[in-house]
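Now for the letters of each chain:
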Amino acid sequence: MRILVTLLTLITSQLVFGLENQKQNLFHKLYQVESQRFTKNKEGIITDLKTGLQWLEGPDEKTSWEMADAWVSNLSDGWRLPTTRELHGIYLKDSKRKGKYGDPLCLDEVFERERGYSLWSVQRSSNSAWIYDFSRGYAHWTEVMVKGYFDRAVAVRQSSNDK
């Protein structure tokens, strides 16, 4: 009887250990896929392999929507300001990344911002525009001429491979 109990214990522990290894391997496989979601080329263009969108970061300085819009307008090749939906698509809810001042910065490390917690989006009305907060994970609007300390420009376009 004692041999049978020992044998059953060994078999059970092997099954449990095997299942835990499978779960751990699956987790690492999924994490690895997600961690390779973005690539960045030598020109600084970030490609999102999940959505096919390309991103280009603007200057890391206080920026109004008017400044962001002017910067994007001077780019060629289909660059534009992103929608709030596109910005929400790169928000990383469970990110442990911190910005320069210790606040959460829920944005992939490939984006080289430390102070720019908020990124400008599309215009809402003649005097207001949407902005996405990567510290808290939501969009809100503000006046187009306001240069917020943490507000930055980013441009987006469809990948040239998808055109």
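Structure: see above.
Below is a summary of the structure that appears in this document. (Residues numbered from 1 in each chain as written. Predicted model: local features only at pLDDT ≥ 70, side-chain atom pairs only at ≥ 80, totals over all residues. Heavy atoms only, no water.)

**Quick word on the packing of aromatic side chains**
For the structure shown, the criterion picks out 9 aromatic pairs. Taken together, a centroid distance of 6.4 Å and an interplanar angle of 50 degrees make the contact between Y101 and Y149 tilted. Of this pair, Y101 sits in the loop between α3 (84–89) and β4 (118–125) while Y149 sits in the loop between β6 (138–143) and β7 (151–152); the two residues are 48 residues apart in sequence, bridging distant segments of the chain. A relative accessible area of 43% means that Y149 is categorised as partly exposed. Pairwise contacts between aromatic rings join Y101, Y117, Y149 and F150 into one cluster. Between R124 and the ring centre of W130, over which it is positioned, the NZ or CZ distance is 6.0 Å. The aromatic ring of W141 is capped on one face by R124, whose charged end is 4.0 Å from the ring centroid. (Phe/Tyr/Trp six-rings, centres within 6.5 Å; stacked < 30°, edge-to-face > 60°. Helix = DSSP H or I, 4+ residues; strand = E, 2+ residues; numbered from the N terminus. Buried < 20%, exposed > 50% of the residue type's maximum accessible area, 1.4 Å probe, protein only. Lys NZ or Arg CZ within 6 Å of the ring centre and 35° of its normal.)

**Some thoughts on the sheet that holds strand β3 (residues 53–57)**
An order of β1-β2-β3-β8 is seen for the 4 strands of this open sheet, with the pairing classed as antiparallel. The open sheet terminates on both sides in strands that have one partner only, identified here as β1 (38–40) and β8 (154–158). Direction aside, the axes of adjacent strands within the sheet are offset by 25 degrees on average. As judged from the 5 bridges shared by β3 and β8, these two strands associate in the antiparallel manner. Along β8, the bridge assignment pairs L53 with Q158. Strands β3 and β8 of the sheet are contacted by helix α2 (residues 65–73), whose axis makes an angle of about 40 degrees with β8. (Pairing = 2+ DSSP bridges. Axes fitted to C-alpha atoms, helices over the stretch in contact; angles between N-to-C directions. Contact = heavy atoms within 4.5 Å.)

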